[in-house]
Structures are given as structure tokens and as C-alpha cells.
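Structural features, examined
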Amino acid sequence: MSPFATLSDTSSPIRVILIGAGLMGKKWISVLTASADVELVGLVDLNLSAAEAALHEAGLDHVPTGTNLTDLARATGAQAVVNVTVPAAHHPTNMEALFGGLPVLCEKPVAPTVSQGLSLVAASEVTGQLLMISQSRRYYRTLAALKNNLSSLGEVGIVTTEFFKAPHFGGFREEMEHVLLIDMAIHAFDVARYLLGQEPVSVYCEEYNPSWSWYAGDAATTAVFEFSNGARFVFTGSWCSAGHETSWNGSWRISGAHGTARWDGENEASFELVDQGQDDSFLPPNGDTASPEEIAGSLAEFVSSLRSGILPSGEVHGNILSLAMVEAAVQSSERGERVSLDQVLSAARATALSEESIPVVKEALSDWPSDRHTLASLAEYAASALTHSAQH
């Protein structure tokens, strides 16, 4: 039995409302209108002029707009929501959708804090609605092929990611604290979980800001994570490092008992196996090798999950652990010490309980037997999702 509500009609396009008409919203308009599996029936934004302009640009003047999700959903008969608001708006908009009986595909992160994320985990449980986070960088065919071949390395001991870019965004990013960790590193952290099939235990992290940086907050960091089976994941990156830049997915190296794999974040990974008897032939990814990538991949899995009841890889129970990795890394950097993921989840749950205003959500949070059980249950959800995700 599916842990969330599925759609009874599995043949008609799913009627979707998009929330957010900014730059990312425009990208989603393009993806939604290109998909035969969904129909964009409404666009919600506090700035109606921006919403109307975005639709006009896409030749969709017939699509209605509004400032209130509940009202527009009722008027259009919407069946699902794609949430592309700013992170600070994720918690209230996701809550409104879930309690309005609408499953949600939400841009990362699920919420600005783990405590708000746990509130949404509980809300998804009590409403029975799917909340999936679009970790779009999981959806690369070359990454799926890398995952499919990792067993040839034997036991993995260390995964490293180098991420070096020099974007001049302007706007809020250049004023953010912990800008690299909070705004970008979650992608690499999430991919590490996907590749290893393990969950994070602890992290030691240092941040700094080079003298030439154009960011107000720390734009460079190194974080060392311990995972549940003993593997280490090392992330080193900078958002103000021009020259020899990596891809947006970073440059990866995975070392195991039988050899090493390298992935440049874009092209097919390379394997070098050193043990005699090991097969160094490279297998393709499971499933359709023409499957959609990036946010189109997120949308395809969201649709598939609503129709099949199969847990998607970005389901909120599992995805919250990627956000917890970010929060733990920030805390480690601020405190100058190693931080346990259990500690982060325990503190976040206490905060969620103290701040929660919806009685049934608070009750669900209280019913989790223990903080260790919380982590274990989330990991169980994540493991199921990882198995399914590897098939895409």
C-alpha cells in the first residue's frame, strides 16, 4: 500500500498549479508545457503582473493567475502543485497545499531549516499527500550509470567532490551567510547519499571567504562527513574560483577496495579496477537511457509516483537528511567542532515541537518514539527511494 494518496486517473494529464513566476518559475513553465503528462492550469504569485508577463512570454495568456493558492486550485480543479517560491516561503506554501489535499513537487530545499522540514514531514504523514523535493542534479543519465557500476569497486572507502565556480549572481546570493553551503552544496551532499546508499553520521566543516571574494558571506568551504558504513565524503568548493572551473555538478572521485571511479559531473564516468578478476566493462544505467534529466527528470518521477504509488527519490522523509547535512556543516563551521547528525535532528525536532501551531502536526511529531528512531525511519524511507531512483 502506498504511503501517500495516488491519482485514480492514470491516463489523463495531471492538472498542475505552479507557484512562483521568477527566473526558476519561467524554467518550470517551459518544462511543464513540454510534458504530455501534465497540464499547467494556473500560476500563483504575489506579483500578478510578473505572473501574467511570464505566461505571456510563453504564449500561455489563457492560463489563469492568482495570489491565493487555495482559491486558484479550487477554481481550476488542480490536482498537484509545483512550488518554485523562495526558500523562506516553502514551509507555508507547502503546508497550504498539503492541507488543501494537493501533492507537492517543491524546489530544494524543503524549507530553510531542518525544524521546518520535520514539520513538513509530519504534515505529509497526517495529510497523506506526497511531498517530493526536486533534487534535480540526481537526474543525469551519466550519474545513474556511475551509480549502477559502483559495485565493481567493492567496499567504498572515500568519495571526494571538488566544486569550483566563479558566478556573479548579484542579488540576494551575494549577501547570504554561508552562501556556498546553503545555496549550492546540498546538491553534492544529496548526490553523495545517492551514490553511497548510506546515511550521514557526523561532519567537520570549515568555511572562509577569500580576500578577493565578491560575496558577503563565506564562499569557500571544506566539509568531511562520516557515513553509516564508515565511508568518508569530502566536499571542497568555492564560488569565487575563476579558471579551470568544474561543472555545476562538481568533479567526483570514488575509491573502493577494487579500484577507483572518476566523474567530471557531465560525461560518462571512468573506472580503473586493479584486482584481477574484476570486470571493468561499463554498464549502462538501469531503465530508459533517454530518460529526462534535471528538473524534467524530477517532474517525470513525480508524475510516475502519483500514478504508481512508488516512493520517489526526493520524498521528504529521505530528503530531509540532505538538508540536515547542510545544517550540520553550518553548525560545525560556526562552532569549530565535529557535529553529529543525531544532535542536529534532535534539536530540530525539539524546535519543531515548540513552534508547531497545527495540533495534528504537533501530535505526529510527538508520536515519533525517539530521535534515533526518527533518523532510522527517515533512512528507511531514503533507502527505498534510492532503490527506485537507481532504476531511472
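What counts, and at which threshold
- Residues numbered from 1 in each chain as written.
- Predicted model: local features only at pLDDT ≥ 70, side-chain atom pairs only at ≥ 80, totals over all residues.
- Heavy atoms only, no water.
- Pairing = 2+ DSSP bridges.
- Helix = DSSP H or I, 4+ residues; strand = E, 2+ residues; numbered from the N terminus.
- Buried < 20%, exposed > 50% of the residue type's maximum accessible area, 1.4 Å probe, protein only.
- Contact = heavy atoms within 4.5 Å.
- Axes fitted to C-alpha atoms, helices over the stretch in contact; angles between N-to-C directions.
- Parallel < 35°, antiparallel > 145°, perpendicular 65-115°, else oblique.
- Left-handed = near helix turned anticlockwise from the far one by under 90°.
- Nonpolar A, V, L, I, M, F, W, Y, C, P; charged D, E, K, R; others polar.
- Patch = residues over 30% accessible without salt bridge, like charges linked within 9 Å, V, L, I, M, F, W, Y side chains within 5 Å.
- Areas by Shrake-Rupley, 256 points an atom, 1.4 Å probe, with all protein chains shown as cover.
- Salt bridge = Lys/Arg side-chain N within 4 Å of Asp/Glu carboxyl O.
- 1 Å grid on protein atoms, 1.4 Å probe; cavity = no way out; pocket = protein on both sides within 12 Å on 5 of 7 lines; lining within 4 Å.
- Points joined across faces, edges and corners; volume = space filled by probe spheres on them.

Comments concerning the sheet that holds strand E14 (residues 339–340)
In spatial order, the strands read E13-E12-E11-E7-E10-E9-E8-E14; together these eight strands make up an open sheet with mixed pairing. Edge positions in the open sheet fall to strand E13 (270–273) and E14, since each of these has one partner strand only. Relative to strand E11 (residues 251–256), strand E7 (residues 156–164) is paired through six bridges, and the arrangement is antiparallel. Looking at E11, one finds that Ile158 is bridged to Ser255.

Comments concerning the environment of Thr160
Residue position: Thr160 is located in strand E7. Among the residues examined, Thr160 registers a relative accessible area of 25% and is labelled partly exposed. Ignoring anything within four residues of it in the chain, the contact list for Thr160 reads Val234, Ser251, Trp252 and Arg253.

Examining the packing of helix H5 (residues 114–127) against helix H10 (residues 341–355)
It is the contact of H5 with H10, at a shortest axis distance of 8 Å, that shows an interaxial angle of 70 degrees. Overall, the two elements H5 and H10 adopt an arrangement that is roughly perpendicular. The handedness of the crossing between H5 and H10 is right-handed. Counting all contacts with H5, which are made through Val114, Ser115 and Leu118, the residues of H10 involved are Val344, Leu345, Ala348, Arg349, Thr351, Ala352 and Glu355. A per-class count over the contact of H5 with H10 returns six nonpolar, two polar and two charged.

Digging into a nonpolar patch on the surface
Judged by side-chain polarity, Phe99, Val126 and Val360 come together as a nonpolar surface patch covering roughly 230 Å² of accessible area. Note that Val360 resides in helix H11 (residues 359–367).

Regarding the sheet that holds strand E1 (residues 14–19)
Sheet architecture is open: six strands sit in the order E3-E2-E1-E4-E5-E6, paired in parallel fashion. Whereas interior strands pair on both sides, the edge strands pair on one side only; in this sheet they are strand E3 (65–66) and strand E6 (131–134). Bridging between strand E5 (residues 104–107) and E6 involves four bridges; their strand directions are parallel. Residue pairing for E6: Val104 is matched across the bridge by Leu131. Along the sheet face, helix H4 (residues 90–99) touches E1, strand E4 (80–83), E5 and E6 and points at about 170 degrees away from the line of E5.

Thoughts on empty space enclosed by the protein
With the rule as written, the count across this model stands at one cavity of 30 Å³ or more. Lining of the largest cavity is provided by 14 residues; of these, His187, Ala188, Trp248, Asn249 and Gly250 occupy positions nearest its centre. Only E7 and helix H7 (179–196) provide two or more residues apiece to the lining of the largest cavity. If you tally residues by element for the lining of the largest cavity, the top one is H7, at five residues. Class assignment for the residues of the lining of the largest cavity results in nine nonpolar, four polar and one charged.

A closer look at the pairing of strand E9 (residues 220–227)
On any regular strand, side chains alternate: one points to one face of the sheet, the next to the other face. When you tally the buried positions in E9, you get six out of eight residues, the bulk of the element. Of the pairings in the sheet, the one linking strand E8 (residues 200–208) to E9 comprises eight bridges and is antiparallel in character. Looking across to E9, one finds that Cys205 is bridged to Ala223. Direction of pairing for E9 relative to strand E10 (residues 232–238): antiparallel, over a ladder of seven bridges. Residue pairing for E10: Phe225 is matched across the bridge by Phe233. Taking the residues that link successive antiparallel strands as the turn, the E9-E10 hairpin has four residues, and the phi of Gly230 there is positive, at about 100 degrees.

Describing the pattern of salt bridges
On inspection of all chains with the given rule, the structure shows 12 salt bridges. Where Lys165 meets Glu245, a salt bridge forms, and the shortest distance between an N and an O atom there is 3.7 Å. Here the residue Lys165 occupies a position in the loop between E7 and H7, and Glu245 occupies one in the loop between E10 and E11, the gap between them amounting to 80 residues. A residue is classified by how much of its surface remains accessible, and Glu245, at 39% relative accessible area, is partly exposed. The shortest N-O distance in the salt bridge between Asp190 and Arg193 comes to 3.7 Å. Of the two residues, Asp190 and Arg193 are both situated in helix H7; the distance of three residues between them amounts to about one turn of the helix. Assessed through its relative accessible area of 2%, Asp190 is described here as buried. A network of salt bridges, in which partner residues are shared, links Arg138, Asp190, Arg193 and Glu199.

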